Amino acid sequence: MARVTSHGADAVAHHGDQLAATLITSTVCVLAVLATLVLCRRERIRWPLLVLISGGATFLCEPMFDHYYGLWFYTRGQWNAVVTYGIHVPIWLPIVYVPYYGAWTVYLIRRFERGVRMADLGTLFVGSVFLATLAEQIYIQAFSLYDYQTSQPFYVAHYPIFVAVINGVPPFLAAIVYVRLLPLLRGLSALALIA
């Protein structure tokens, strides 16, 4: 798949917008981590912590997808987490990965362990797509922190909708893998779950 070339049309990432995005994202993250810690304590399990770490570390793949989809984080005045492959990753982005790719995956694992019907899978996947769309629309529309700057199919309100579907898949795949591996990996071998 050839990478999409972004126009790289830069803009100012206003401090107030970044502050609001960072505070909202951090609040959601703290609540998700607290809920996961409560689950760990109540069930006397540790694997959800590995899922949070793994979900948070997933942000390292972000620059690759940004190149593919033509996503451009506005760099002027941006509070950077990292700059890699020409992509300026903002500080709030790694934070949002913990609740979405971490805690949401923990929730899906718990649901899958109890058994789900096909209708439940559809509902959960639509929920996952909705969460991805909601987050992106807040960052794009409410805070103007980035934009998709290429000609994309199914482009609605500065957002290629197919990206929400793509973003909804990893928590599901990870949950399926975890459900299969959790009974097999014990002790230090459980650290392999981070991968």
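Bear in mind the structure is a predicted one, so any value in this text is a computation, not a measurement.

(A) Up close: the packing of helix H2 (residues 47-57) against helix H4 (residues 92-114). Interhelical geometry of H2 versus H4 gives an angle of 140 degrees and a closest axis separation of 7 Å. Here H2 is positioned oblique relative to H4, judged by the angle of their axes. The hand of the H2/H4 crossing is right-handed. In this structure, H2 contributes Trp47, Pro48, Val51, Leu52, Gly55 and Gly56 to the contact, and H4 contributes Tyr97, Val98, Tyr101, Gly102, Ala103, Thr105, Val106, Ile109, Arg110 and Glu113. Considering only residue class, the contact of H2 with H4 consists of 10 nonpolar, 4 polar and 2 charged.

(B) Geometry of the pattern of salt bridges. Within this structure, the stated rule accounts for 4 salt bridges. Measuring nitrogen to oxygen at the nearest pair gives 3.3 Å for the salt bridge that ties Arg110 to Glu113. Taken together, the positions of Arg110 and Glu113, both in helix H4 and 3 residues apart, correspond to about one turn of that helix. When its relative accessible area of 19% is taken as the criterion, Arg110 is described as buried.

(C) Representation of the pairing of strand E2 (residues 80-84) in the model. Across 4 bridges, the pairing between E2 and strand E3 (residues 87-90) is antiparallel. Each residue of the ladder has a partner; that of Asn80, found in E3, is Pro90. What sits between the antiparallel neighbours E2 and E3 is a turn of 2 residues, in which Tyr85 has the positive phi angle 55 degrees.

(D) Just the layout of surface pockets, in detail. Considering only enclosed or pocket space, the largest pocket measures out at about 1,000 Å³ in volume. Contributing to the lining of the largest pocket are 43 residues, with Val96, Pro99, Tyr100, Tyr101 and Ala135 lying nearest its centre. Counting residues per element, the ones that place at least two in the lining of the largest pocket are helix H1 (15-43), helix H3 (62-69), strand E1 (71-73), H4, helix H5 (118-142), strand E4 (146-148) and helix H6 (162-181). Among the elements that take part in the lining of the largest pocket, H4 stands out by supplying 13 residues, more than any other. Taken together, the residues of the lining of the largest pocket sort by class into 33 nonpolar, 4 polar and 6 charged.

(E) Expanded view of the packing of aromatic side chains. Enumeration according to the criterion identifies 13 aromatic pairs in this entry. Both rings, one in Trp92 and one in Tyr139, keep their centres 3.9 Å apart while their planes meet at 25 degrees; by these two values the pair is stacked. With Trp92 in helix H4 and Tyr139 in helix H5, the pair connects residues that are 47 residues apart, well separated along the chain. Both rings, one in Trp104 and one in Tyr107, keep their centres 5.4 Å apart while their planes meet at 20 degrees; by these two values the pair is stacked. Of the two residues, Trp104 and Tyr107 both sit in helix H4, 3 residues apart, roughly one turn of that helix. In this structure an aromatic cluster arises from ring pairing among Phe73, Trp92, Tyr139, Tyr146, Tyr148 and Tyr159.

Parameters at a glance
- Residues numbered from 1 in each chain as written.
- Predicted model: local features only at pLDDT ≥ 70, side-chain atom pairs only at ≥ 80, totals over all residues.
- Heavy atoms only, no water.
- Axes fitted to C-alpha atoms, helices over the stretch in contact; angles between N-to-C directions.
- Helix = DSSP H or I, 4+ residues; strand = E, 2+ residues; numbered from the N terminus.
- Parallel < 35°, antiparallel > 145°, perpendicular 65-115°, else oblique.
- Left-handed = near helix turned anticlockwise from the far one by under 90°.
- Contact = heavy atoms within 4.5 Å.
- Nonpolar A, V, L, I, M, F, W, Y, C, P; charged D, E, K, R; others polar.
- Salt bridge = Lys/Arg side-chain N within 4 Å of Asp/Glu carboxyl O.
- Buried < 20%, exposed > 50% of the residue type's maximum accessible area, 1.4 Å probe, protein only.
- Pairing = 2+ DSSP bridges.
- 1 Å grid on protein atoms, 1.4 Å probe; cavity = no way out; pocket = protein on both sides within 12 Å on 5 of 7 lines; lining within 4 Å.
- Points joined across faces, edges and corners; volume = space filled by probe spheres on them.
- Phe/Tyr/Trp six-rings, centres within 6.5 Å; stacked < 30°, edge-to-face > 60°.

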